[in-house]
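Read off the chains here:
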Amino acid sequence: LSDKSNYIGLSLDYLESYLKDLENYRITDKSLTDKPHFDEIVYQGIKDLLPMRNEFIDFLLIQIKYKSDQTIYEHIFEFFESSIKLLDRPDGVNNWHKKYKENFQFFLSELFIYLISLLIKYKKYSEASLFIKKPYLLPHGLRFNGNDLTDFTDRKSTRLNSSHTDISRMPSSA
């Protein structure tokens, strides 16, 4: 990763592949046949994403701790902006419920918290400000009332808000 041109390209390839791989963790109608309670499906979906979370944290740690090129932060921002589409109905899917996004809702919020925490830990305050203050473009399916932009953490002003998973029914090992 010492050659700047290679590391930026490799990092961008990683982020694109990572986002594509996340599609494999979508909750679908097929997921619903195995478990009687939707909350258990969401819990299992979050649990299944743990290795992906840990891998992404390792990626972030390398970028934040050892690299100072602003371009990588722009690519990470674009990754988070693109990841919002995971909260919308996928293309070509007719039967979809807004609850199907709940594992991604939790997962993406967790990734965002880790990102901001690492930036603060390594005193990258202006970079943290970029992710907190810069508006994120919403995918078409999540836009409403002419609102095309959102704050990544503002779930109330957009249709990104989670529906209603009952945490009290989650397995106690959570």
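Here the structure is a predicted model, which means the values were calculated and not measured.

**Student:** Pulling in residues and values, what's your account of the overall build of the chain?
**Tutor:** Scanning the chain from N- to C-terminus turns up six helices and two strands. Of the regular secondary structure in the chain, the N- to C-terminal order runs α-α-α-α-α-α-β-β. Burial status across the chain gives 40% buried among its 174 residues. Of all intrachain contacts in the chain linking residues separated by at least 6 positions in sequence, the fraction that spans at least 24 positions is 71%. Taken as a whole, the chain presents about 9900 Å² of accessible surface, with 52% of it coming from carbon and sulfur.

**Student:** Could you give an account of the pattern of salt bridges, with specific residues and numbers?
**Tutor:** The tally for this structure, following the rule as stated, stands at two salt bridges. R26 is the salt-bridge partner of E23, the closest N and O atoms lying 2.7 Å from each other. Here E23 falls in the partly exposed class, since its relative accessible area comes to 28%.

**Student:** How would you sum up the side chain of Q63? Please name residues and give values.
**Tutor:** One can find Q63 in helix α3 (residues 50-66). Other than its neighbours up to four places away in sequence, Q63 contacts Y7, S11, I72, Y73 and I76.

**Student:** Please provide a residue-by-residue account of the environment of S68, values included.
**Tutor:** Within the element layout of this structure, S68 appears in the loop between α3 and α4 (70-83). Along the sequence, S68 and K124 sit 56 residues apart, while their C-alpha atoms lie 9.5 Å from each other.

**Student:** Mind laying out the nonpolar core, listing which residues take part and the relevant values?
**Tutor:** Within the largest apolar cluster, 34 residues are counted, with the highest numbers of intra-cluster contacts made by L22, F56, I76, F79, F80 and F131. If you list the elements that add at least two residues to this core, you get α1 (4-22), α3, α4, α5 (102-121) and α6 (125-133). Looking at this core element by element, the count peaks at nine residues for α5. With sequence-adjacent residues up to four places away left out, F131 is seen in contact with Y73, I76, F77, F112, L115, I116, L119 and Y136.

**Student:** Quick one: what's the story with the packing of aromatic side chains, residue by residue and with numbers?
**Tutor:** For any pair of aromatic rings, the description rests on two quantities: the centre-to-centre distance and the angle between the ring planes. Within the structure shown, the criterion is met by eleven aromatic pairs. Relative to F112, the ring of F80 lies with its centre 5.8 Å away and its plane at 85°, an arrangement referred to as edge-to-face. A residue pair is termed long-range when its members are at least 10 positions apart, and F80 in helix α4 and F112 in helix α5 qualify at 32 residues. Here F80 matches F112 in class, with each residue buried. On the basis of an interplanar angle of 75° and a centroid distance of 6.4 Å, the ring pair of F80 and F131 is categorised as edge-to-face. With F80 in helix α4 and F131 in helix α6, this pair connects stretches of sequence that are 51 residues apart. The residues F80 and F131 share a single accessibility class, namely buried. Through a chain of ring-to-ring contacts, the aromatic side chains of Y14, Y18, F56, F59, F77, F79, F80, F112 and F131 assemble into a single cluster.

**Student:** Give a detailed account of α6, specifying residues and quantitative values.
**Tutor:** Taken together, the buried positions of α6 are occupied by E127, A128 and F131. Relative to the axis of α6, the buried residues are bounded by an arc of 100° and lie together on one face. Relative to its buried face, α6 has exposed residues pointing more than 90 degrees away, namely S126 and K133. Where the residues of α6 are buried, they touch α4, α5 and β1 (136-137).

Parameters at a glance
Residues numbered from 1 in each chain as written. Predicted model: local features only at pLDDT ≥ 70, side-chain atom pairs only at ≥ 80, totals over all residues. Heavy atoms only, no water. Helix = DSSP H or I, 4+ residues; strand = E, 2+ residues; numbered from the N terminus. Buried < 20%, exposed > 50% of the residue type's maximum accessible area, 1.4 Å probe, protein only. Contact = heavy atoms within 4.5 Å. Areas by Shrake-Rupley, 256 points an atom, 1.4 Å probe, with all protein chains shown as cover. Salt bridge = Lys/Arg side-chain N within 4 Å of Asp/Glu carboxyl O. Core = buried A, V, L, I, M, F, W, Y, C linked by side-chain atoms within 4.5 Å. Phe/Tyr/Trp six-rings, centres within 6.5 Å; stacked < 30°, edge-to-face > 60°. Arc of directions from axis to C-beta.

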